[in-house]
Amino acid sequence: MKNLQVGLVAHKFMGNKEKTIQKTLDLIEKVAKNGAQLVILQELHQNYYFCQNESVECFDLANSWEDDKIFWGKVAKKFGIVLVTSLFEKRTAGLYHNTAVVFEKDGKIAGIYRKMHIPDDPQFYEKFYFTPGDLGFEPIDTSVGRLGVLVCWDQWYPEAARLMALKGAEILIYPTAIGWFDGDEKDERSRQLEAWVAVQRGHSVANGIPVIAVNRIGFEARNLSDEKYPKTDGIRFWGNSFVFGSQGEQIFRANDTDELAQVVTIDMQRCESVRRWWPFLRDRRIEAYGNLTKRFID
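As the structure is a computational prediction, the values presented were derived from the model and not from experiment.

*Asks:* Any details on the packing of aromatic side chains? Residues and values, ideally.
*Replies:* Considering all chains together, one arrives at 21 aromatic pairs under this definition. Here Phe50 and Phe88 contribute two aromatic rings whose centre-to-centre distance is 4.9 Å and whose plane-to-plane angle is 25 degrees, an arrangement assigned as stacked. Separated by 38 residues along the polypeptide, Phe50 in the loop between β2 (38-41) and α2 (65-79) and Phe88 in strand β3 (residues 82-92) bring together distant segments of the chain. The two residues Phe50 and Phe88 agree in class, both being buried.

Below is the structure:
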C-alpha cells in the first residue's frame, strides 16, 4: 500500500458516556466518508478521564468491557475501517488494564495492546487503576499494515518504539490523554508540550517510520460530583494531535482547542527510501547494548 488515509478523531468529554460515544461516531462517520482507511481514537475515549482521583467506584467503568468490544467491532464493520480504540479492560475481579483494541474492517479483533508504562503523577493516578501490560511490545497485523500501537505514557520511552520497529511495525500509533494544569506558567506549558512533540518526532527519525498521536482536548474537572474539589481544578487536555513522516517531517499538527476529524495521507513506501538513506538499523551495535536491560548502570 503506497498511500494510507488515516482518520484522526479527538473531542472533549460530552458529559456522559452515551453523548461522548455519539460524538465519536459522528466524527468517525465524517472521516470515513472522506476516505479514511485507518481511524485512531484518543485514549479512554468512551468517558471522562477518571484517573484524576483514586476511587474504587471508578472500576465499575470497566464492567462494560465485553460489550464495548462488540460495539466497536460493529462500528469498524459498518464503516469498513481499521479502528484503533482505547478501552478500560476488566480482565478479572481486581485486575484491570488500559487497553488498545484494534478492529479489522470486518469487525473482528485484529489484536490488543495493554499499556506497559503506567504513570503515577498528580491527577494522573493510573497506577491505582491499571496493571502494567503483560503482552509486550507486539505489532498488530491488519489489512492496512503492521501497526505498532502503544498508549500515552509509552510515548516517552524510545525502547518501546524501537522494539516495535524491530518487530516490523510500519507505523507507531499513540492514543493519548495529556494536558496542562491551569496553574502552570505559560513558559512551562510550552516546554511540556514541545518536549512531548519532540520525543515522539525522534521516534520517527530514529526508526524511519511514521508516528501518530491522537490526544484529548477540552477541560475536565478533577471530580465531576465531589464539591471538595473546585471546578477549576482539573486537566486542560492540550490536543496538538499530530502525524510525523518517516524522516520526522511534520505532515499534520492540530491546535490545542478544536475537535478533530482529520484525514491525513501518509506515504507508506517512503520508509524504504528513508532507511536506505539513513540505515540506522544496519549500523546498530547490538553487541554493546546489553546494559540497556538494567535499571541503572552503577
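*Asks:* Any chance you could break down the pairing of strand β4 (residues 95-103) for me, citing the residues and the numbers?
*Replies:* β4 sits mainly inside the fold: eight of its nine residues count as buried. The pairing of β3 with β4 spans nine bridges and is antiparallel. Across the sheet, Glu89 pairs through a bridge with His97, a residue of β4. Between the antiparallel neighbours β3 and β4 lie two residues, among them Gly94 with a positive phi of about 80 degrees. Counting the residues in the hairpin turn of β4 and strand β5 (residues 109-114) gives five residues, including Gly107, whose phi is positive at 95 degrees.

*Asks:* How would you explain the packing of helix α3 (residues 158-166) against helix α4 (residues 186-207) if you had to name every residue and give the values?
*Replies:* Put simply, α3 and α4 touch, their axes get as near as 10 Å, and they point 35 degrees apart. Handedness of the crossing formed by α3 with α4: right-handed. Here Pro158, Ala161, Arg162 and Ala165 of α3 lie close against α4, whose contacting residues are His203, Ala206 and Asn207. Partitioning the contact of α3 with α4 into residue classes produces four nonpolar, two polar and one charged.

Conventions used here
Residues numbered from 1 in each chain as written. Predicted model: local features only at pLDDT ≥ 70, side-chain atom pairs only at ≥ 80, totals over all residues. Heavy atoms only, no water. Phe/Tyr/Trp six-rings, centres within 6.5 Å; stacked < 30°, edge-to-face > 60°. Helix = DSSP H or I, 4+ residues; strand = E, 2+ residues; numbered from the N terminus. Buried < 20%, exposed > 50% of the residue type's maximum accessible area, 1.4 Å probe, protein only. Pairing = 2+ DSSP bridges. Axes fitted to C-alpha atoms, helices over the stretch in contact; angles between N-to-C directions. Left-handed = near helix turned anticlockwise from the far one by under 90°. Contact = heavy atoms within 4.5 Å. Nonpolar A, V, L, I, M, F, W, Y, C, P; charged D, E, K, R; others polar.

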